[in-house]
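# Coordinate inspection notes
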Amino acid sequence: MRFISWFPSYGDSRWSEGWNSAIEFVAPSAVYAGKLTLIADYRGRQTVHVAVNGHTLGNYAARNARSDITLDFPPEILRSGAVNRLEFQFPDALLLDNGDNRRMAMALKSVEIR
């Protein structure tokens, strides 16, 4: 698994870096139900766009607290035994208000693909 445009993990989560972040992973050979579940915290109000291998899964809005989001997708977009790319866009990513100029949107705690 490779994290692209994410800050190093902190505790049980990893913050997105900037307006776009991605995770590359190899999907084991399996039968998938076509469900992606994200558990994350958010910085302020965030709109999140999610795609897998270039296929948009959807958009959702979250605010501050922990959210569990499940998105449906056509299972055939996953490449079993090959590298897949889970992409996030954060048009509302915020700069920290403590003088730190890192832009963050989502603290990802877990991702589950079924």
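As a reminder, the structure under discussion sits directly above these lines.
In short, a report on the structure. (Residues numbered from 1 in each chain as written. Predicted model: local features only at pLDDT ≥ 70, side-chain atom pairs only at ≥ 80, totals over all residues. Heavy atoms only, no water.)

## Description of the packing of aromatic side chains
Taken as a whole, this structure holds 4 aromatic pairs when the rule is applied. A ring pair is formed by Phe3 and Trp6, whose centres lie 6.2 Å apart and whose planes are at 85°; its orientation type is edge-to-face. Taking the relative accessible area as the measure of exposure, Phe3 reaches 31% and is therefore partly exposed. For Trp6, a relative accessible area of 7% translates into the label buried. Note on Trp6 and Phe88: the rings are 5.8 Å apart at their centroids and 90° apart in plane angle, and the pair reads as edge-to-face. (Phe/Tyr/Trp six-rings, centres within 6.5 Å; stacked < 30°, edge-to-face > 60°. Buried < 20%, exposed > 50% of the residue type's maximum accessible area, 1.4 Å probe, protein only.)

## Let's talk about the sheet that holds strand S7 (residues 67-72)
Taken in spatial order, the 4 strands of this open sheet run S2-S11-S4-S7, and their pairing is antiparallel. Two strands close off the open sheet at either side, each with one partner strand: strand S2 (14-15) and S7. (Pairing = 2+ DSSP bridges. Helix = DSSP H or I, 4+ residues; strand = E, 2+ residues; numbered from the N terminus.)

## Observations concerning the sheet that holds strand S6 (residues 55-63)
As summarised here, the arrangement of the 5 strands in space is S1-S3-S8-S5-S6, forming an open sheet in which the pairing is antiparallel. What marks the edges here is a single partner per strand, and that holds for strand S1 (2-4) and S6. Within the sheet, the average angular offset between the axes of one strand and its neighbour, ignoring direction, is 20°. (Axes fitted to C-alpha atoms, helices over the stretch in contact; angles between N-to-C directions.)

## Examining the pairing of strand S8 (residues 83-89)
Burial of S8 is one-sided: the residues Asn84, Leu86 and Phe88 facing one way are buried, the residues Val83, Arg85, Glu87 and Gln89 facing the other way are not. Where strand S3 (residues 20-26) and S8 come together, 7 bridges link them in antiparallel fashion. In the strand pairing of S8, Phe25 is matched with Asn84. Bridge analysis of strand S5 (residues 45-52) against S8 gives 4 bridges, and the strand direction is antiparallel. Within the sheet, the bridge partner assigned to Val52 lies in S8 and is Leu86.

## Section: the side chain of Ser67
Topologically, Ser67 is positioned in strand S7. The class of Ser67 is buried, set by a relative accessible area of 16%. The residues touching Ser67, leaving out its near neighbours within four places in the chain, are Leu38, Ile39, Ala40, Tyr42 and Ala62. (Contact = heavy atoms within 4.5 Å.)

## Regarding the layout of surface pockets
Roughly 290 Å³ of volume is contained in the largest pocket. Met1, Phe3, Ile23, Ser110 and Val111 are, among the 19 residues lining the largest pocket, the residues nearest its centre. Contributions of two or more residues to the lining of the largest pocket are made by S3 and strand S11 (106-113). The element best represented in the lining of the largest pocket is S11, accounting for 6 residues. (1 Å grid on protein atoms, 1.4 Å probe; cavity = no way out; pocket = protein on both sides within 12 Å on 5 of 7 lines; lining within 4 Å. Points joined across faces, edges and corners; volume = space filled by probe spheres on them.)

## Some remarks on the nonpolar core
Nonpolar side chains tend toward joint burial in soluble globular proteins. In terms of nonpolar packing, the biggest core is built from 27 residues, with Tyr42, Val50, Leu57, Tyr60, Leu86, Phe88 and Met106 touching the most fellow members. Among the secondary structure elements, those contributing two or more residues to this core are S3, strand S4 (35-42), S5, S6, S7, S8 and S11. In terms of residue count, S4 provides more of this core than any other element does, 4 residues in total. When sequence neighbours within four positions are dropped, the list of residues in contact with Leu86 reads Ser21, Ala22, Ile23, Phe25, Leu36, Val50, Ala51, Val52 and Val111. (Core = buried A, V, L, I, M, F, W, Y, C linked by side-chain atoms within 4.5 Å.)

Bear in mind that shape data such as this cannot, by itself, settle questions of function.
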